[in-house]
Amino acid sequence: MAMIAKQCKDTIVTVVDLNKERIDAWNSDTLPIYEPGLLETVQCARGKNLFFSTEIDQTLKESDVIFISVNTPTKDYGSGKGKAADLRFIELCARNIAKVGGGDKIVVEKSTVPVRTAQMVKEILSEANNGYSYQVLSNPEFLAEGTAITDLENPDRVLIGGEITDEGIQAVEKVANLYAQWIDRKKIITTNLWSSELSKLTANAFLAQRISSINAISALCEATGADVDEVANAIGMDSRIGPKFLKSSVGFGGSCFQKDILNLSYLCQHFGLPEVSDYWNQVVLMNDYQKNRFVQRMMDAMFNTVSGKEIGILGFAFKKDTNDARESPAIAICLKLLEERATLRIYDPQVKKETILSALGLLANDDRITFCKSAIDATSGTHAVALLTEWEEFKSLNFNEIYSQMEKPAYFFDGRNLIEPKIIKDAGFRLYRIGKK
Ligand SMILES: NC(=O)c1ccc[n+]([C@@H]2O[C@H](COP(=O)([O-])OP(=O)(O)OC[C@H]3O[C@@H](n4cnc5c(N)ncnc54)[C@H](O)[C@@H]3O)[C@@H](O)[C@H]2O)c1
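Below: a short report on this structure. (Residues numbered from 1 in each chain as written. Predicted model: local features only at pLDDT ≥ 70, side-chain atom pairs only at ≥ 80, totals over all residues. Heavy atoms only, no water.)

**Considerations on the site of the ligand**
The full set close to the ligand counts 20 residues, and Asp-17, Thr-72, Glu-145, Lys-259 and Arg-326 are the nearest of them. The side chain of Asp-17 places a nitrogen or oxygen atom 2.5 Å from an oxygen atom of the ligand. One nitrogen or oxygen atom from the side chain of Thr-72 is found 2.6 Å from an oxygen atom belonging to the ligand. In the complex, 82% of the free accessible area of the ligand, which totals 840 Å², lies under the protein chains. Split by residue class, the shell around the ligand holds 7 nonpolar, 6 polar and 7 charged. (Near = heavy atom within 4 Å. Polar contact = N/O pair within 3.5 Å; in protein donor to acceptor, adjacent residues only side chain to side chain. Areas by Shrake-Rupley, 256 points an atom, 1.4 Å probe, with all protein chains shown as cover. Nonpolar A, V, L, I, M, F, W, Y, C, P; charged D, E, K, R; others polar.)

**Quick notes on the nonpolar core**
Considering soluble globular proteins, one finds that nonpolar side chains tend to be buried as a cluster. Counting residues in hydrophobic clusters, the biggest one holds 53 residues, and the most contacted among them are Phe-294, Ile-311, Ile-313, Phe-316, Leu-337, Phe-394 and Phe-429. If you tally residues by element for this core, the top one is helix H13 (residues 329–339), at 6 residues. Dropping the residues within four chain positions of it, Leu-337 is found in contact with Val-295, Met-298, Val-306, Ile-311, Ile-313, Ala-342 and Leu-344. Trp-26, Val-42, Ala-45 and Tyr-179 belong to the second-largest nonpolar core, a separate cluster that totals 30 residues. (Core = buried A, V, L, I, M, F, W, Y, C linked by side-chain atoms within 4.5 Å. Buried < 20%, exposed > 50% of the residue type's maximum accessible area, 1.4 Å probe, protein only. Helix = DSSP H or I, 4+ residues; strand = E, 2+ residues; numbered from the N terminus. Contact = heavy atoms within 4.5 Å.)

**Some points on the sheet that holds strand E8 (residues 310–314)**
Taken in spatial order, the 6 strands line up as E10-E9-E8-E11-E12-E13 in an open sheet, and their pairing is parallel. Two strands close off the open sheet at either side, each with one partner strand: strand E10 (369–371) and strand E13 (430–433). Neighbouring strand axes in the sheet, compared pairwise and without regard to direction, differ in orientation by 20° on average. Sheet analysis places E8 next to strand E11 (residues 384–387), joined by 4 bridges and oriented parallel. Paired with Ile-311 across the bridge in E11 is Ala-384. The strands touched by helix H12 (residues 274–301) within the sheet are E8, E11, strand E12 (411–414) and E13, with E12 carrying the most contacts at an inclination of about 165°. (Pairing = 2+ DSSP bridges. Axes fitted to C-alpha atoms, helices over the stretch in contact; angles between N-to-C directions.)

**Considerations on the environment of Ile-423**
Inspection of the secondary structure puts Ile-423 in helix H17 (residues 421–427). Here the alpha-carbon distance between Ile-423 and Asn-400, two residues 23 residues apart in the chain, equals 8.7 Å.

**Some details on empty space enclosed by the protein**
All told, the structure shown has 1 cavity of 30 Å³ or more when counted by the stated rule. Reported here for the largest cavity is a volume of approximately 30 Å³. In terms of lining, the largest cavity is formed by Glu-109, Ser-111, Val-113, Ser-138, Pro-140, Ser-196, Glu-197 and Lys-200. The element contributing the most residues to the lining of the largest cavity is helix H9 (residues 193–224), with 3 residues. Class assignment for the residues of the lining of the largest cavity results in 2 nonpolar, 3 polar and 3 charged. (1 Å grid on protein atoms, 1.4 Å probe; cavity = no way out; pocket = protein on both sides within 12 Å on 5 of 7 lines; lining within 4 Å. Points joined across faces, edges and corners; volume = space filled by probe spheres on them.)

**Overview of the packing of aromatic side chains**
Applying the stated criterion to the full structure yields 14 aromatic pairs. Relative to Tyr-432, the ring of Phe-294 has its centre 5.9 Å away and its plane inclined at 45°; by these criteria the two rings are tilted. With Phe-294 in helix H12 and Tyr-432 in strand E13, this residue pair connects regions lying 138 residues apart in the sequence. Residue classification places Tyr-432 among the buried positions, given a relative accessible area of 4%. Grouped by ring-pair contacts, the aromatic residues Phe-294, Tyr-411, Phe-413 and Tyr-432 constitute a single cluster. One cation-aromatic arrangement involves Arg-116 over Trp-194; the distance from NZ or CZ to the ring centre is 4.0 Å. (Phe/Tyr/Trp six-rings, centres within 6.5 Å; stacked < 30°, edge-to-face > 60°. Lys NZ or Arg CZ within 6 Å of the ring centre and 35° of its normal.)

**Digging into helix H8 (residues 166–179)**
Over its 14 residues, H8 extends 20 Å from the first C-alpha to the last, a length consistent with the 20 Å expected when each residue adds 1.5 Å. Considered for burial, the residues of H8 that qualify are Gly-168, Ala-171, Val-172, Val-175, Ala-176, Leu-178 and Tyr-179. In a view along the axis of H8, the buried residues occupy a sector of 150°, so they form one face of it. Turned more than 90 degrees off the buried face of H8, the exposed positions are Asp-166 and Gln-170. Where H8 is buried, its residues touch helix H1 (2–7), strand E3 (65–68), strand E4 (105–109), strand E5 (134–138), strand E6 (158–162) and strand E7 (188–192). (Expected span 1.5 Å × (residues − 1). Arc of directions from axis to C-beta.)

**Some details on the packing of helix H11 (residues 257–270) against H12**
Here H11 crosses H12 at 160°, and the two axes come no closer than 7 Å. Compared by their axis directions, H11 and H12 come out roughly antiparallel. In this structure, H11 crosses over H12, and the sense of that crossing is left-handed. Each of Gln-258, Ile-261, Leu-262, Leu-264, Ser-265, Cys-268 and Gln-269 in H11 lies in contact with H12, whose residues at this interface are Pro-274, Val-276, Ser-277, Asp-278, Trp-280, Asn-281, Val-283, Val-284 and Asp-288. Grouping the amino acids of the contact of H11 with H12 by side-chain chemistry returns 9 nonpolar, 5 polar and 2 charged. (Parallel < 35°, antiparallel > 145°, perpendicular 65-115°, else oblique. Left-handed = near helix turned anticlockwise from the far one by under 90°.)

Dropping the structure here:
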């Protein structure tokens, strides 16, 4: 929304949220999200045509176009628990829009939703019977965290789905005109509603599948002596495959991939397609396998026990350049290490202590974890280091110094294959890298 406000100076954009703390943060210079270039983008429009508010009803009433961007987590109760998307927040928004009235409106699904969610939104709005007409569109968001601003400035494509009626086509055109103020028309594609909804789930499923595919091959590389980076390079040069998203790692994380694949898999079950459902579910299972394999490898290297040993964790975010730790592989790895009775020293340049504690489900006074202000502090006196996020600053650490203040033998488990192996080995470490013998 900040990018739309920055690019469309004649459009007033008001972001509303139930969470007052978040809105207060959006109105300050300490934004709730860390994202390179975001603060500058917000500052460029805030107070001019970009506003953040908790006045939900009034804002909905006055708006012509409403983007529903609320969370759509995996259901953690009742039927579909652990798989289906929980659409109660979307439904509440639709009911709220119907309740406040105020004029004809275009309602845009920006959240990632299961196919045919628009039907539910349409039904709720049409039952309002308030004399106003509503058009429901789907405009999924393809930005990636960590590169959100550049992705929004120059997206590969913008997708807008709508009903194939005169009113639907006009509504699509109105939203397309917003994006066309800074994006080439050829990149703005329009489809029917259901194709648009399904395209978002499919895009995430294909992206996550590539990571699970290369991670599956990494296990075979470790067993055979092939090198996963060499394999990735060789296959990526095939123009039919391409080089992106072929980096083997400790696994994918983030709030989207797992939930969207589980949701896709659940939809396939629902529509009587169990084989298709199992096919996609395997992408998530492979991701879990990769995280477990990493911890197992740590245990194997350290004489089958980490009990009583202290381990330095470098990075907790699910990827670099974000403070988001949702579904981060670091969560499963830290929990498993704690279960094996290790103690942890954790450092991440952006993720807050409270976020880490809540992700791990631990209390602030848990003495098994020490939160550190630097990488050097996090590794001090430890038996092993596990590098779990590919932050640039880790590349320029002084590994000789780190080694010198660790227990010996000192182990380095590079979960991102980030550091040049020679540097780590020369410093004296026993090194484990993903997909290398
Ligand atoms: N995070 C991403 O990079 C990304 C990328 C593409 C798509 N998406 C999709 O966007 C959606 C939102 O993701 P997110 O990461 O921003 O989630 P989030 O949980 O960080 O934010 C959702 C916000 O919605 C607010 N909210 C919930 N119900 C509300 C209501 N009825 N009225 C007003 N506010 C309400 C919450 O308070 C919260 O601040 C999800 O469907 C997600 O799949 C996210």
